[in-house]
Amino acid sequence: MNKIYNEHSLNENTIKSLLNTEYIGRDFYFFEEVTSTFNESEKITLQNGTVICAAKQTNGRGRLGRQWQSDKGGIYFSLILTNDIIDSEIQMITSLCAVAIQRAISKYLPCMIKWPNDIVSENGKKLCGILTKLKKTDNRYIVNVGIGINANTEHFDKDLKYATSIYTITGRYIDENELLCSCLKELEYCIDKSNRNNTIEEYKKCSATLGRRVRLLYVNGKESDTGLCTAIENDGTLTVLKDDGTVVNVSSGEVSVRGIYGEQYA
Ligand code: BTN
């Protein structure tokens, strides 16, 4: 039997006993297996702070139409936010969530935020991805922040060259329940209106992209560009001073970014 099916695996009762938040995850749904937490959230009456969590997804969805490998050993959840969210806040909320997850994962190993919202290890490999989906009803947004963390994941599909897990790097299995509860606690702190300005500053400090040389890979197949990332704007776009001296401003829907560290692409 695979070692990851043990006392460290996600367990609804353990999560509920460890949870020390005020509202995030107080309305908590746990599934051993779902297609995607996004699909599951369609079937549930959602409240502000509802969390839908799964130990495994059979059709996990990632950014730019990609699949998200969601074997047991990872942590997959949707956080629902419904209170007073206005258009200009939506991008920021995803960035605040990225800081929260970076804070939680950094209790296990050093990690940074790669634009737009990936949590990466020191060698630039991806530990966590975040994908936010929106629904507007009666002029009210329902924000569904989908978070996938490679916690105890042991194997990745061959084509996932840039994926890694906490287990792969540290060689130790971690308690998935503790990490999930720590994420929910940090999310509650970072999303709180009174902590937002500081959290945005923290995003910049732990950015693996800002101030670094990057390669922009355009989703539409256009040739790639290289340059220096000079800013992450408030609307979440990335400003890059290209090597040809021109400046481009790109959104997360049109490019993926690779860092260029010496000769290495991470
Ligand atoms: C990315 O491509 O970087 C984003 C990955 C987001 C994965 C999470 S896992 C929970 C939620 N449900 C999904 O199907 N996807 C998101």
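This text goes with the structure placed above it.
In this text, all values refer to a predicted model and were calculated from it rather than measured experimentally. (Residues numbered from 1 in each chain as written. Predicted model: local features only at pLDDT ≥ 70, side-chain atom pairs only at ≥ 80, totals over all residues. Heavy atoms only, no water.)

Asks: So what exactly am I meant to see when it comes to the nonpolar core here?
Replies: In a soluble, globular protein the nonpolar side chains are often hidden away together inside. F77, I101, I105, I149, L179, L187 and L216 are the most contacted members of the largest nonpolar core, which has 60 residues in total. With nine residues, helix α3 (residues 90-105) is the largest single contributor of residues to this core. Beyond its immediate sequence surroundings of up to four residues, L179 is in contact with I75, A104, I105, Y108, I149, A151, I166 and I174. (Core = buried A, V, L, I, M, F, W, Y, C linked by side-chain atoms within 4.5 Å. Buried < 20%, exposed > 50% of the residue type's maximum accessible area, 1.4 Å probe, protein only. Helix = DSSP H or I, 4+ residues; strand = E, 2+ residues; numbered from the N terminus. Contact = heavy atoms within 4.5 Å.)

Asks: Sorry, what's going on with the packing of aromatic side chains here?
Replies: Aromatic ring pairs are described here by two measures, namely the spacing of the ring centres and the angle between the planes. Enumeration according to the criterion identifies one aromatic pair in this entry. Centroid distance Y167 to Y173: 4.2 Å. Interplanar angle 10 degrees. Geometry classified as stacked. Classification of Y167 as buried rests on a relative accessible area of 18%. (Phe/Tyr/Trp six-rings, centres within 6.5 Å; stacked < 30°, edge-to-face > 60°.)

Asks: I'm lost on helix α5 (residues 176-191) in this one. Help?
Replies: Each full turn of the α-helix corresponds to 3.6 residues, which orients residues three or four apart in the same direction. For α5, spanning 16 residues, the distance from its first C-alpha to its last is 22 Å, which sits close to the expected 22 Å at 1.5 Å a residue. Among the 16 residues of α5, 13 are classified as buried, and the element is accordingly described as predominantly covered. Two or three places before N177, at the opening of α5, D175 has a side-chain oxygen 2.8 Å from that residue's backbone nitrogen. (Expected span 1.5 Å × (residues − 1). Polar contact = N/O pair within 3.5 Å; in protein donor to acceptor, adjacent residues only side chain to side chain.)

Asks: Looking at this structure, how should I read the layout of surface pockets?
Replies: Leftover empty space is mapped by rolling, across the atoms, a probe with the size of a water molecule. Reported here for the largest pocket is a volume of approximately 630 Å³. Lining the largest pocket we find 30 residues, and of these R66, Q67, W68, K126 and L160 sit closest to its centre. The set of elements that each furnish at least two residues to the lining of the largest pocket consists of β5 (118-121) and β12 (255-261). For the lining of the largest pocket, the leading source of residues is β12, giving three residues. When the residues that make up the lining of the largest pocket are grouped by side-chain class, the tally is 10 nonpolar, 11 polar and nine charged. Approximately 260 Å³ is the volume found for the second largest pocket. (1 Å grid on protein atoms, 1.4 Å probe; cavity = no way out; pocket = protein on both sides within 12 Å on 5 of 7 lines; lining within 4 Å. Points joined across faces, edges and corners; volume = space filled by probe spheres on them. Nonpolar A, V, L, I, M, F, W, Y, C, P; charged D, E, K, R; others polar.)

Asks: Mind showing me how you'd approach the pairing of strand β1 (residues 28-31) here?
Replies: In regular strands, side chains alternate between the two faces of the sheet. The side-chain alternation of β1 yields one buried face, formed by F28 and F30, and one unburied face, formed by Y29 and F31. Taken together, the four bridges between β1 and strand β2 (residues 51-54) define a ladder with parallel strand orientation. Residue pairing across strands places Y29 opposite I52, the latter belonging to β2. (Pairing = 2+ DSSP bridges.)

Asks: How should the side chain of S165 be read in this particular structure?
Replies: Note that S165 resides in the loop between β7 (140-149) and α4 (166-170). There is a polar contact of 2.6 Å between the side chain of S165 and the backbone oxygen of T153. Polar side-chain contacts of S165 include one of 2.6 Å to the side chain of T168. Residues within four places of S165 in sequence aside, it is in contact with L127, N150, A151, T153 and F156.

Asks: How should the site of the ligand be read in this particular structure?
Replies: Taken together, 19 residues lie near the ligand, and S36, T37, R61, R63 and K126 sit nearest. With respect to the ligand, the side chain of S36 contributes an N or O atom lying 2.7 Å from an oxygen atom. Between the ligand and the protein, one listed contact pairs an oxygen atom with a side-chain N or O atom of K126 at 2.6 Å. Within the complex, the protein chains bury 98% of what would otherwise be the 420 Å² of accessible surface of the ligand. More than half of the atoms of the ligand fall within 2 Å of the grid points belonging to the largest cavity. Elements supplying a minimum of two residues to the shell around the ligand: α2 (37-41), β3 (75-81), β6 (126-137) and β7. Sort the elements by how many residues they give to the shell around the ligand and β6 lands first, with four residues. Here the residues of the shell around the ligand sort into seven nonpolar, eight polar and four charged. (Near = heavy atom within 4 Å. Areas by Shrake-Rupley, 256 points an atom, 1.4 Å probe, with all protein chains shown as cover. Sits in = over half its atoms within 2 Å of the grid points.)

Asks: I would appreciate a short explanation of the sheet that holds strand β4 (residues 111-114) in the present structure.
Replies: Within a beta sheet, neighbouring strands are joined by backbone hydrogen bonds and run either parallel or antiparallel to one another. Spatial ordering of the open sheet is given by β1-β2-β3-β7-β6-β5-β4, a layout of seven strands whose pairing is mixed. Two strands close off the open sheet at either side, each with one partner strand: β1 and β4. With strand direction ignored, the average angle separating the axes of adjacent strands in the sheet is 15 degrees. Where β4 and β5 come together, four bridges link them in antiparallel fashion. Within β5, the position partnered with I113 by the bridge is I119. Across the sheet, α3 is in contact with β3, β4, β5, β6 and β7; its angle to β6 comes to roughly 150 degrees. Running over the sheet, α5 touches β1, β2, β3 and β7 and is turned about 25 degrees from β3. (Axes fitted to C-alpha atoms, helices over the stretch in contact; angles between N-to-C directions.)

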